[in-house]
Amino acid sequence: MVTSAEFLLSASNAGHFPPEGMPEVAFLGRSNVGKSTLLNRLLGQKLAFTSSTPGRTQSVNFFRVEDRMIFVDLPGYGYAKAPKSVSRAWQEVVDAYLLQREKLALCCVLLDSRRGWMETDLQLKEWLEFHQRPYVVVATKVDKLNQKEKNASQKAIREHYPSGEIIWFSGLSGQGVKEIWQTIWKRTVR
Ligand SMILES: Nc1nc2c(ncn2[C@@H]2O[C@H](COP(=O)(O)OP(=O)(O)OP(=O)(O)O)[C@@H](O)[C@H]2O)c(=O)[nH]1
Ligand SMILES: [Mg+2]
């Protein structure tokens, strides 16, 4: 597993992004979907700030993972209560990140397994496909579903994502951590 990881910096605009170097893995998804929780689970330590209050992560946070890669915790979108000025700022910094970073090796697109694709998720997916950014879908909070609900969720996610990889993740049990690491390793080997 990971032997060392550290918080690097938090950037509220593109001017504060660190210089590019190691391959980057970005965590994207709606507010409260579990991005920071997943990142902490992968690293085996609580480096990213998590909260039951949506909209907690408001800037782009960079974490160094050994001397191999950078994890990037992006602020969540689709938080209805966010003022317009905040959602515009969000859009700008996230767009800048996704457009500019040449070392972006993989985007983990997180969907709440109870909700599947929401409108904003589909917009993000189209955007990633248009700009040819590689991504994988992580369905979170799977501990909240029984088997029947999980089957229904899988079917719903597949409607907009017929053949790509779906990884089922639980921040409670750690289910999926191994699979997500396998995918990350595959995409980040230089
Ligand atoms: N049961 C369960 N709860 C989870 C899971 N993942 C996250 N949570 C909870 O969901 C809430 C939000 O988690 P965060 O990781 O902070 O979500 P986020 O996507 O980083 O949110 P923002 O930073 O606001 O965009 C927290 O209360 C977590 O404990 C999961 O897999 N299962
Ligand atoms: Mg967060």
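This write-up is about the structure you can find in this document.

Rules of the game
Residues numbered from 1 in each chain as written. Chains lettered and ligands numbered in written order. Predicted model: local features only at pLDDT ≥ 70, side-chain atom pairs only at ≥ 80, totals over all residues. Heavy atoms only, no water. Helix = DSSP H or I, 4+ residues; strand = E, 2+ residues; numbered from the N terminus. Expected span 1.5 Å × (residues − 1). Buried < 20%, exposed > 50% of the residue type's maximum accessible area, 1.4 Å probe, protein only. Arc of directions from axis to C-beta. Pairing = 2+ DSSP bridges. Axes fitted to C-alpha atoms, helices over the stretch in contact; angles between N-to-C directions. Contact = heavy atoms within 4.5 Å. Near = heavy atom within 4 Å. Polar contact = N/O pair within 3.5 Å; in protein donor to acceptor, adjacent residues only side chain to side chain. Areas by Shrake-Rupley, 256 points an atom, 1.4 Å probe, with all protein chains shown as cover. Nonpolar A, V, L, I, M, F, W, Y, C, P; charged D, E, K, R; others polar.

1. Thoughts on the environment of L128
- Looking at the secondary structure, you find L128 in helix α3 (residues 119-130).
- As a C-alpha pair, L128 and G174 span 46 residues in sequence and 27 Å in three-dimensional space.

2. Some remarks on helix α5 (residues 177-188)
- Between its first and last C-alpha, α5 extends 16 Å over 12 residues, near the 16 Å set by a 1.5 Å rise per residue.
- Looking at α5, one finds that the buried residues are V177, I180, W181, T183, I184 and T188. Relative to the axis of α5, the buried residues are bounded by an arc of 165° and lie together on one face. Every exposed residue of α5 that faces more than 90 degrees away from the buried side is listed here: K178 and K186.

3. Describing the sheet that holds strand β1 (residues 5-11)
- Strands sit in the order β1-β3-β4-β2-β5-β6-β7 across an open sheet of 7 strands; the sheet is mixed. The open sheet has two free edges, formed respectively by β1 and β7 (166-168), since each of these has just one partner strand. On average, each strand axis in the sheet is inclined to that of its neighbour by 25°, with strand direction left out of account.
- In this structure, strand β5 (residues 104-112) lies alongside strand β6 (residues 135-140), joined through 6 bridges in parallel fashion. Within the sheet, the bridge partner assigned to V109 lies in β6 and is V137.
- Contacts from helix α1 (residues 35-43) reach β1, β2 (24-29), β3 (60-65), β4 (69-73), β5 and β6, with the element oriented near 155° to β4.
- The strands touched by α5 within the sheet are β2, β3, β4, β5, β6 and β7, with β4 carrying the most contacts at an inclination of about 125°.

4. Quick word on the site of ligand 1
- Near ligand 1 there are 22 residues, and of these K35, T37, T57, D143 and G171 occur at the shortest range.
- Interatomic distance of 2.7 Å between a side-chain N/O atom of K35 and an oxygen atom of ligand 1.
- Between ligand 1 and G76, the relevant distance is 3.3 Å, taken from an oxygen atom to a main-chain nitrogen or oxygen of the residue.
- Considered on its own, ligand 1 offers 660 Å² of accessible surface; in the complex 87% of this is hidden by protein.
- Looking at the shell around ligand 1, its residues break down into 3 nonpolar, 13 polar and 6 charged.

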